[in-house]
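Working through the structure, step by step
The residues making up each chain are set out below.
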Amino acid sequence: MHRYVVRFEKEGYIRYTSHLDMLRLFKRAFKRAGITLSYSQGFNPHPKMGFAQPLSLGYTSRCELLEFETVKEEKPENMMRALQSMMPEGIQILACSPLMGDIKSLAAATCEAVYNVVFPVEADPERDQKLVDEYLAQPEILAEKRQKKTKKMVTVDIRPKIREIKLLKSSRLTLQMRLDSGSASNLSPEQVITSYMAFAGLNIPRYDVEVERVSMGFDKAVKF
């Protein structure tokens, strides 16, 4: 099999395109670009491609990763150019390379993600750093989460899944959040954003808060 990874940015209005629609977009782009993907076996075969981690609707990203398998060996630089020519405004292909490493998938190897969260308030470094320190110093940080099976809302402690929160230099309050991400342990930035806004007394609409994913980390040796 021939495994590859495409890294791309997602900016502008395309951020309102859902995860499933992004998969459909790339599936069609591969077909139009003349890149033949490998397919699974069985009654409902599907192309062997997938994102390292889904990106929430409305988020932008500098580091989206799409892994895929092709029927025959392809030149990464040719695929990169061909795919970019098929992309809508807001998606920029940054790199394409073979996927190396003894892993089942990027999704299985992902363990963390880093997000920059920008709040529409003027930054005050001394005040904001004090609030971040006090927020993280809590023995528990409680947030609401919807259970997948029952769909009921439950209260959970998200503090163990917050790896780091840093205050970034900016004219607006900007926090960089490094959180658990992946199949083993996963924390939605939305839970952190909501709980931090309540803690800090930020009475602002959620839709005015900007979120960008800037990197992802893996718990196994991955090279691409």
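Residues numbered from 1 in each chain as written. Predicted model: local features only at pLDDT ≥ 70, side-chain atom pairs only at ≥ 80, totals over all residues. Heavy atoms only, no water.

1. Comments concerning the environment of Gln 84
Note the following rule: By definition, any uninterrupted DSSP run of H or I lasting at least four residues is a helix, any uninterrupted run of E lasting at least two residues is a strand, and each is numbered from the N terminus. When a residue's accessible area, from a 1.4 Å probe over protein chains only, is under 20% of the maximum for its type it is buried; when over 50% it is exposed; and in between it is partly exposed. Contact criterion: two residues are considered in contact whenever any of their non-hydrogen atoms come within 4.5 Å of each other. The definition of a polar contact used here is a pair of N or O atoms within 3.5 Å, where within protein one atom must be able to donate a hydrogen and the other to accept one, and adjacent residues in sequence count solely through side-chain atom pairs.
Note that Gln 84 resides in helix H2 (residues 76–84). Exposure remark for Gln 84: the relative accessible area of 23% places this residue in the partly exposed category. Separated by 55 residues in sequence, Gln 84 and Ala 29 place their C-alpha atoms 8.9 Å apart. If sequence neighbours within four positions are ignored, Gln 84 has contacts with Ile 91, Gln 92 and Ile 93. One polar contact links the side chain of Gln 84 to the main-chain carbonyl oxygen of Ile 91, over a distance of 3.3 Å.

2. Focus: the packing of aromatic side chains
This is how the line gets drawn: Each pair of aromatic rings taken from Phe, Tyr and Trp, with Trp reduced to its six-membered ring, is defined by centres within 6.5 Å and is described as stacked if the planes are under 30 degrees apart, edge-to-face if over 60, and tilted in the remaining cases.
For the coordinates displayed, the defined rule picks out 10 aromatic pairs. Ring centres of Tyr 135 and Tyr 196 lie 5.1 Å apart, and the angle between their planes is 80 degrees; on these two criteria the pair is classed as edge-to-face. With Tyr 135 in helix H4 (residues 125–136) and Tyr 196 in helix H5 (residues 189–200), the pair connects residues that are 61 residues apart, well separated along the chain. A relative accessible area of 1% means that Tyr 135 is categorised as buried. Tyr 196 sits in the buried class, given a relative accessible area of 1%. Here the aromatic residues Phe 119, Tyr 135, Tyr 196 and Phe 199 are joined through ring pairs into a cluster of three or more.

3. Overview of H5
So the rule is basically this: Expected span, for any helix, means 1.5 Å times one less than how many residues it has.
Taking 1.5 Å of rise per residue, the 12 residues of H5 would be expected to cover 16 Å, and the 16 Å separating its terminal C-alpha atoms lies within 8% of that figure. Every buried residue belonging to H5 is among Pro 189, Gln 191, Val 192, Ile 193, Ser 195, Tyr 196 and Met 197, and all of these are buried. Downstream of H5 by one or two residues, Gly 201 has phi in the positive range, about 70 degrees.

4. Here's the deal with the side chain of Glu 69
By the element assignment, Glu 69 lies in strand S3 (residues 60–70). If near-sequence neighbours (up to four positions away) are discounted, Glu 69 is found in contact with Met 1, His 2, Arg 3, Thr 36, Leu 37, Ser 38 and Lys 48.

5. Considering helix H1 (residues 19–32)
Applied cut-off: Here the arc refers to the set of directions running from the helix axis out to each C-beta atom.
The end-to-end C-alpha separation of H1 is 20 Å, in line with the 20 Å expected for 14 residues at 1.5 Å each. Every buried residue of H1 is listed here: Met 22, Leu 25, Phe 26, Ala 29 and Phe 30. In an axial view of H1, the angular spread of the buried residues amounts to 130 degrees, which keeps them on one side of the axis. Every exposed residue of H1 that faces more than 90 degrees away from the buried side is listed here: Leu 20, Arg 28, Lys 31 and Arg 32. Buried residues along H1 sit in contact with strand S1 (2–10), strand S2 (49–51), S3, H2 and strand S4 (91–98). Just downstream of H1 lies Gly 34, where phi reads positive at about 75 degrees.

6. Comments concerning the pattern of salt bridges
So the rule is basically this: Salt bridge, as used here: a side-chain nitrogen of Lys or Arg that lies within 4 Å of a carboxyl oxygen of Asp or Glu.
In total, this model carries 13 salt bridges according to the counting rule given. With a closest N to O distance of 3.5 Å, Glu 67 and Arg 3 form a salt bridge. Highlighted residues: Glu 67 in strand S3 and Arg 3 in strand S1, separated in sequence by 64 residues. There is no split in this pair, since Glu 67 and Arg 3 are both buried. Between Glu 64 and Arg 213 there is a salt bridge, with the nearest N and O atoms lying 2.9 Å from each other.

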